[in-house]
Amino acid sequence: MFSLMFPSTADTVLLRRSTASALRNAVVRRLAALVVTAVVVAAPALSGARLVAQAPLIPHTITYAPGKSITLAMPRGLTVDVAATGLKRVRFLTMSPDNRVFATGMFNLADNTNGSVYILEGWDAATQRYTHVTHYLDHLRNPNNLAFYTEPASGGNPGAMWLYVPLTDKLVRYRYNPGDEAPSSEPEVLIRWPDYGLSYKYGGWHLTRTVAVANLHGHTRVYVATGSSCNYCQEREVARAAILSMNPDGSDQKVVAHGMRNAVDLRWVPEVDGGALFATNMGDDHLGDQLPEDTFFELDSNSHAGPIAAATAPNYGWPTCYFAHGKAVHDSTPLPTTSTENDPKVTSAQTPQVKAHRKANADSVYGYQQGVAAAGTNLAAGGGHADGVDPNAALGKPPAPLSDCSQVPAAYTTFAAHSSPLGMAYFDAKSPILGGTGGSFVVAQHGASHPHIGTGYRLVRFTAQDRTPKPLITGFLGGGITSAKVDGRPCGLLILGPDTFLLTDDYLGLVYIVHPVKAQ
């Protein structure tokens, strides 16, 4: 056993404001990776670091290929195995009506049409592995997640089952029959979206879409989140950085939330507040290593009407409001005003600003971000595309940037900047380790795109009563004091039983199963 000397609150604030961030972040990252009996955890208000007593996380080394392994640390009583391998950028998971595990795969980081929907089959309890992977769908454009819905029974006949798959350019649904190994019908297109933007290397186009089915206030609706076309800009199309809602057949479409920069997971949680819809959301990338905080929102619930139940869609702030110290703060950074301002196509790659950007971003997991101008990743919407007709113009117009942030809905909790919260799950009291007595949320933090920042690359846990995220599973980011090494990137979760869940790693193409240690 050993002890660590932690800085005072004042010292911590000074450190956070320091411009010499590379070494500091590396030290913090290394300390966070150590198994200790007390860790520094920032409260959602982030008024200063504070000590939170926590039992040590126990390391488990698992081999996922010959000569390749990863060491993940988690609470005592839990262990981890590799349940499936070889899945190209595997993302999110869901359970079908006939209790089969479906997963999405986006193939790689590029905008592509090589994505897949998999079925994980042939569970072997002895090896804790799925023995067979069925390709249910292939040649899809960036499928991020999926959702099932069963219509109400009618006239003594069971209701039809549907599988919803959100793609970069459209939301489709397929008729589903139990036991299907491929769709039994052609897809129905429910809505189309703008399908262009700034690529990853230019810091902003979010090509993923996320779908959830929720029953709120007596109505079952399909909700779809669409990310922004840029890092920081005034959008030209209403469906960008928004959440849309519609009937299960695609009718009665409406925007229910604006200003949600990149809500990569939407989750219907029936155990909370009579049934509630939650979202993870990521902040932008032009305010440095320490800002803005990433966010977690309760959008609506049956116990109390949430922001998206209002007659007018709420604005969650982006682009001109961000979260700091748990509160919405106005961003005074000038917004690009045209589709070519600061565009990499018309900016010399040899300017001092671009050279400085190249040096600062050399470690991006998305590769060298060539050509980004002095404004960093503040590039206008469109990615060089000419202004055209908004395909969703019938839904309204994109809102003007907020000049005041006082009406931005409160966050349920916030996370460290650039930690990139993706998948979530809620464990109730049936899971004594993960849920405790009152239930807990678990969120997978994908990790900062520049690993030297050191945030994310872990799973965190928090409760409705104490909304302070605490480390649950770590080990996805390694390296020493002055370097960082990405070992994995956690993404999606699916609960299978008490204290048992599947976890995807889209960096290694793995699905882990976390479960209680077997009694000896």
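Here is what the cut-offs are and how they apply
Residues numbered from 1 in each chain as written. Predicted model: local features only at pLDDT ≥ 70, side-chain atom pairs only at ≥ 80, totals over all residues. Heavy atoms only, no water. Helix = DSSP H or I, 4+ residues; strand = E, 2+ residues; numbered from the N terminus. Buried < 20%, exposed > 50% of the residue type's maximum accessible area, 1.4 Å probe, protein only. Contact = heavy atoms within 4.5 Å. Areas by Shrake-Rupley, 256 points an atom, 1.4 Å probe, with all protein chains shown as cover. Pairing = 2+ DSSP bridges. Axes fitted to C-alpha atoms, helices over the stretch in contact; angles between N-to-C directions. Disulfide = S-S within 2.5 Å. pLDDT = per-residue confidence, 0-100. Phe/Tyr/Trp six-rings, centres within 6.5 Å; stacked < 30°, edge-to-face > 60°. Lys NZ or Arg CZ within 6 Å of the ring centre and 35° of its normal. Salt bridge = Lys/Arg side-chain N within 4 Å of Asp/Glu carboxyl O. Polar contact = N/O pair within 3.5 Å; in protein donor to acceptor, adjacent residues only side chain to side chain.

## Overview of the overall build of the protein
Here is step 1: In terms of helices and strands, the protein carries 3 helices and 32 strands.
Here is step 2: Looking at the 520 residues of the protein, the share that counts as buried comes to 55%.
Here is step 3: When contacts within the protein are restricted to residue pairs at least 6 apart in sequence, those whose partners lie at least 24 apart make up 60%.
Here is step 4: Approximately 21,200 Å² of the protein is accessible, and the part contributed by carbon and sulfur atoms is 54%.

## Topic: the sheet that holds strand 19 (residues 276-281)
Here is step 1: Spatially, the 4 strands line up as an open sheet ordered 18-19-20-23, and their pairing is antiparallel. Two strands in the sheet have a free side with no partner beyond their single neighbour: strand 18 (265-269) and strand 23 (413-415). When strand polarity is set aside, the average angle formed by the axes of neighbouring strands in this sheet is 20°.
Here is step 2: Relative to strand 20 (residues 294-301), strand 19 runs antiparallel, the two sharing 6 bridges.

## A few points about the state of the cysteines
Here is step 1: Scanning the model with the defined rule gives 2 disulfides in all.
Here is step 2: The disulfide partner of C230 is C233, and the S-S distance across this bridge is 1.8 Å. Looking along the S-S bond of the C230-C233 disulfide, the torsion reads about -75°, which is the left-handed sense. Taken as a pair, C230 and C233 share a single burial class, namely buried.

## A closer look at unusual backbone geometry
Here is step 1: L291 connects to P292 through a cis peptide bond whose omega is -10°.
Here is step 2: With respect to the element layout, P292 can be found in the loop between strand 19 and strand 20.
Here is step 3: Residue P319 is reached from W318 by a cis peptide bond, and omega for that bond is 10°.
Here is step 4: Within the element layout of this structure, P319 appears in the loop between strand 20 and strand 21 (321-324).
Here is step 5: The residue N142 is not glycine, and still its phi comes out positive at about 55°.

## Quick notes on the environment of M106
Here is step 1: When you line up the elements, M106 lands in the loop between strand 7 (101-105) and strand 8 (115-124).
Here is step 2: Each residue touching M106, except ones within four places of it in the same chain, is listed here: K88, R89, R91, N112, G115, N142, P143, N144, L207 and T208.

## Topic: the confidence of the model for the protein
Here is step 1: Taken as a whole, the protein shows an average pLDDT of 84; of its residues, 78% reach a score of 70 or greater.
Here is step 2: Throughout residues 200-204 the model reports pLDDT below 50, and contacts reaching past four residues in sequence, or to other chains, amount to 23 contacts.
Here is step 3: pLDDT under 50 marks residues 368-376. Its contacts with residues more than four places away, or in other chains, come to 21 contacts.

## Description of the packing of aromatic side chains
What characterises a pair of aromatic rings is the spacing of the ring centres plus the angle enclosed by the ring planes.
Here is step 1: Inspection of every chain in the model, using the stated rule, returns 22 aromatic pairs.
Here is step 2: Among the aromatic side chains, those forming a connected cluster through ring pairs are F278, F296, Y412, F415, Y426, F441 and F462.
Here is step 3: The ring of W162 has R175 sitting right over it, with the charged end atom 5.3 Å from the ring centre.

## Details of the pattern of salt bridges
Here is step 1: Counted under the stated rule, the structure contains 14 salt bridges.
Here is step 2: Overlapping salt bridges bring together R89, R91 and D506 as one network.

## Looking at the sheet that holds strand 10 (residues 147-150)
Here is step 1: Pairing is antiparallel in the open sheet, where 4 strands are placed in the order 10-11-12-13. A strand with exactly one partner marks an edge of an open sheet, and here the two such strands are strand 10 and strand 13 (188-192). Going from strand to strand, the sheet's axes swing by 25° on average, the running direction of each strand aside.
Here is step 2: When strand 10 meets strand 11 (residues 161-166), the two strands line up antiparallel, connected through 4 bridges. Within strand 11, the residue paired with F148 across the bridge is L163.

## Some details on the side chain of R141
Here is step 1: Of note, R141 is situated in the loop between strand 9 (129-140) and strand 10.
Here is step 2: A distance of 2.8 Å separates polar atoms of two side chains, one belonging to R141 and the other to D111.
Here is step 3: The contacts of R141, once residues within four sequence positions are left out, are D111, N112, T113, L167, T168, D169, D195 and W205.

## Digging into the pairing of strand 11
Regular strands show a simple pattern: their side chains alternate between the two faces of the sheet.
Here is step 1: Where burial is concerned, most of strand 11 is hidden: 6 out of the 6 residues are buried.
Here is step 2: Residues of strand 11 alternate between two faces, with M161, L163 and V165 on one and W162, Y164 and P166 on the opposite face, all of them buried.
Here is step 3: Relative to strand 12 (residues 170-176), strand 11 runs antiparallel, the two sharing 6 bridges. The partner of V165 across the bridge, within strand 12, is V172.
Here is step 4: If you look at the hairpin formed by strand 11 and strand 12, you'll find 3 residues sitting between the two strands.

## Let's talk about the pairing of strand 16 (residues 242-246)
Here is step 1: Of all 5 residues in strand 16, 5 are buried, a share of seventy percent or more.
Here is step 2: Side chains A242, L244 and M246 of strand 16 all project onto a buried face; the interleaved residues I243 and S245 project onto the opposite face, where all are buried too.
Here is step 3: Bridge count between strand 15 (residues 219-226) and strand 16: 5 bridges; the pairing is antiparallel. Bridging across to strand 16, V222 finds its partner in M246.
Here is step 4: The sheet contact formed by strand 16 and strand 17 (residues 254-257) spans 3 bridges and is antiparallel. The residue bridging I243 from the neighbouring strand is A257, located in strand 17.

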